[in-house]
Amino acid sequence: MTSETKQTDAVTAEKRTETETDDELNELRHLIEGARVVLWDFDGPVCRLFAGHSAERVANDLATWLESRGLHGLLKEEERESLDPQVLLRAVDRRHPGSDLVAELEERLTQEELRATASAMPTPYADPLIRTWTAVGSRLAVTTNNSPSVVREYLASRGLGACFAPHIYGRTQELNHLKPDPHCVHRALNAMGAAPTTALMIGDAPTDLLAAQAAGVPFLGYARNERKGKLLRDAGATAVVGSLESVLRLVRH
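Predicted model only: the values in this text are computed from it and were never measured.

A. Structural detail: the overall build of the chain. Helix and strand counts for the chain stand at 13 helices and eight strands. Relative to the 2.2 N^0.38 estimate, which gives 18 Å for 253 residues, the radius of gyration of the chain is 18 Å and therefore close to what a compact globule would have. Considered along the principal axes of its C-alpha atoms, the chain spans approximately 60 × 40 × 35 Å. Put simply, the chain has 253 residues, and 49% of those count as buried. Once local pairs closer than 6 in sequence are excluded, the contacts in the chain between residues at least 24 apart make up 70%. A total accessible area of about 12000 Å² is found for the chain, and carbon and sulfur atoms account for 50% of it. Placing the 29 positive and 36 negative side-chain charges of the chain at their respective mean positions leaves the two points 3 Å apart.

Laid out in structure tokens, this is it:
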């Protein structure tokens, strides 16, 4: 990331921080103070995985591959047009659960995700927030629909692996366990011996919110733009930040 980009992100974050109300800051402070365990969604809160490796292209390639196998009618039009690889994967799994077709499609997506790590863009303030939260004694885990091998590779590239290891809970062969199912959240809580009320989940999609709610875990939404913020609030999220800078400030104090 260039210094100019960092400065722009910092200025944007400062403007957003200034617009927070006292009630919003109090709610944010309450969430942070109660968090002994922090569960991070990966693509969004930690980084933009497909910042330089288009998710739309990946989704199109996966759909084209399915069609090359003679499966033209497998995807509904809205699934094909979602341009979201995860949507395609889940759609195929619903129709052919546990099949070789799903296993091969999942492996193809994992390889695309691994290629994307080289050009993934760190979410502004995520790296220092992760290190600071670790330094003050909170325990961190990743709960994601991405491949765990992808998460490990990215975190290692940023020198953040020790902040999370071994608690990385990602996509398995059982795709019905993808969020909004709370499976990965339950896995993290059980492995860390943490009660849901002592945890906090940070996510950027309604599926993250639903998984947290199903597990009884407080939720903090991260929205890098107004569209994502609206989706989270419409789904019922009450605490949403446009930048992790305000979270970092509160953790430091």
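Here the narrative resumes, following the displayed structure.
B. Highlighting empty space enclosed by the protein. The final tally for this structure, using the stated rule, is one cavity of 30 Å³ or more. In this structure, the largest cavity occupies an estimated 60 Å³ of space.

C. Spotlight on the pattern of salt bridges. In total, this model carries 16 salt bridges according to the counting rule given. Salt bridges sharing partners connect three or more residues here, namely Arg57, Asp61, Glu112 and Arg115.

D. Representation of the confidence of the model for the chain in the model. Residues at a pLDDT of 70 or more form 92% of the chain, whose mean pLDDT is 91. Low pLDDT, under 50, characterises residues 1-19; the predicted model gives this stretch 18 contacts beyond four residues in sequence or across chains.

E. Seen up close, helix α13 (residues 245-252). Most of α13 sits out of view: six of its eight residues are buried. Of the positions making up α13, those classed as buried are Glu245, Ser246, Val247, Leu248, Leu250 and Val251.

F. Representation of helix α12 (residues 226-235) in the model. If you check which residues of α12 are buried, you get Lys228, Gly229 and Leu232. Projected down its long axis, α12 carries its buried residues within an arc of 100°, all on one side. Exposed residues pointing more than 90 degrees away from the buried face of α12 are listed as Glu226, Arg227, Lys230 and Asp234. Residues of α12 that are buried sit in contact with β6 (199-203), α11 (206-215), β7 (219-222) and β8 (240-241). N-capping of α12 is provided by Asn225, with a side-chain oxygen placed 3.3 Å from the backbone N of Arg227. A positive phi of about 115° marks Gly236, the residue just after α12.

G. Looking closely at the nonpolar core. Counting residues in hydrophobic clusters, the biggest one holds 57 residues, and the most contacted among them are Trp40, Phe42, Trp133, Leu155, Phe164, Leu220 and Val247. Sorting elements by how many residues they give to this core places helix α3 (residues 55-68) first, with seven residues. Setting aside anything within four residues of it in sequence, one finds Val247 in contact with Leu28, Ile32, Leu129, Trp133, Leu220 and Val241. Counting residues in hydrophobic clusters, the runner-up holds 22 residues, among them Leu39, Leu189, Leu232 and Val240.

Conventions used here
Sequence positions are assigned chain by chain, starting from 1 and proceeding in written order. Only residues with pLDDT of at least 70 are given local features in this predicted model, and only at 80 or more are side-chain atom pairs given and counted; all residues enter the totals for whole chains, interfaces and linings. With hydrogens and water excluded, all non-hydrogen atoms of the structure serve as input to the side-chain values. Think of it this way: any DSSP run of H or I at least four residues long counts as a helix, any run of E at least two long counts as a strand, and we number them from the N terminus. Our radius of gyration is a C-alpha quantity, and the globule rule it is checked against amounts to 2.2 Å times the number of residues to the power 0.38. Burial classification: accessible surface area is computed with a 1.4 Å probe over protein chains only, and a residue below 20% of its type maximum counts as buried, one above 50% as exposed, and the rest as partly exposed. In what follows, residue pairs with any heavy atoms lying within 4.5 Å of each other are defined as contacts. The method behind every accessible area is Shrake-Rupley, applied with a 1.4 Å probe, and residues are considered shielded solely by the protein chains displayed. Just so you know, the count uses Lys and Arg for positive and Asp and Glu for negative, and it drops His and the chain ends. To locate a charge, the coordinates of NZ of Lys, CZ of Arg, CG of Asp or CD of Glu are taken. Using only the protein atoms, space was sampled on a 1 Å grid; points where a 1.4 Å probe fits but cannot get out form cavities, open sets with protein on both sides within 12 Å along at least five of seven lines form pockets, and lining residues are those with an atom within 4 Å of a point. Grid points are joined across faces, edges and corners, and a volume is the space filled by probe spheres set on the points. Criterion for a salt bridge: a side-chain nitrogen of Lys or Arg within 4 Å of a carboxyl oxygen of Asp or Glu. Each residue carries a pLDDT score, the predictor's confidence in it, ranging from 0 to 100. This arc is built from the directions going out from the helix axis to the C-beta atoms. Here a polar contact is recorded for every N or O atom pair within 3.5 Å, except that within protein the pair must consist of a potential hydrogen donor and a potential acceptor, and residues adjacent in sequence are included only if both atoms are side-chain atoms. In these notes, a set of buried Ala, Val, Leu, Ile, Met, Phe, Trp, Tyr and Cys residues joined through side-chain atoms within 4.5 Å is what counts as a nonpolar core.

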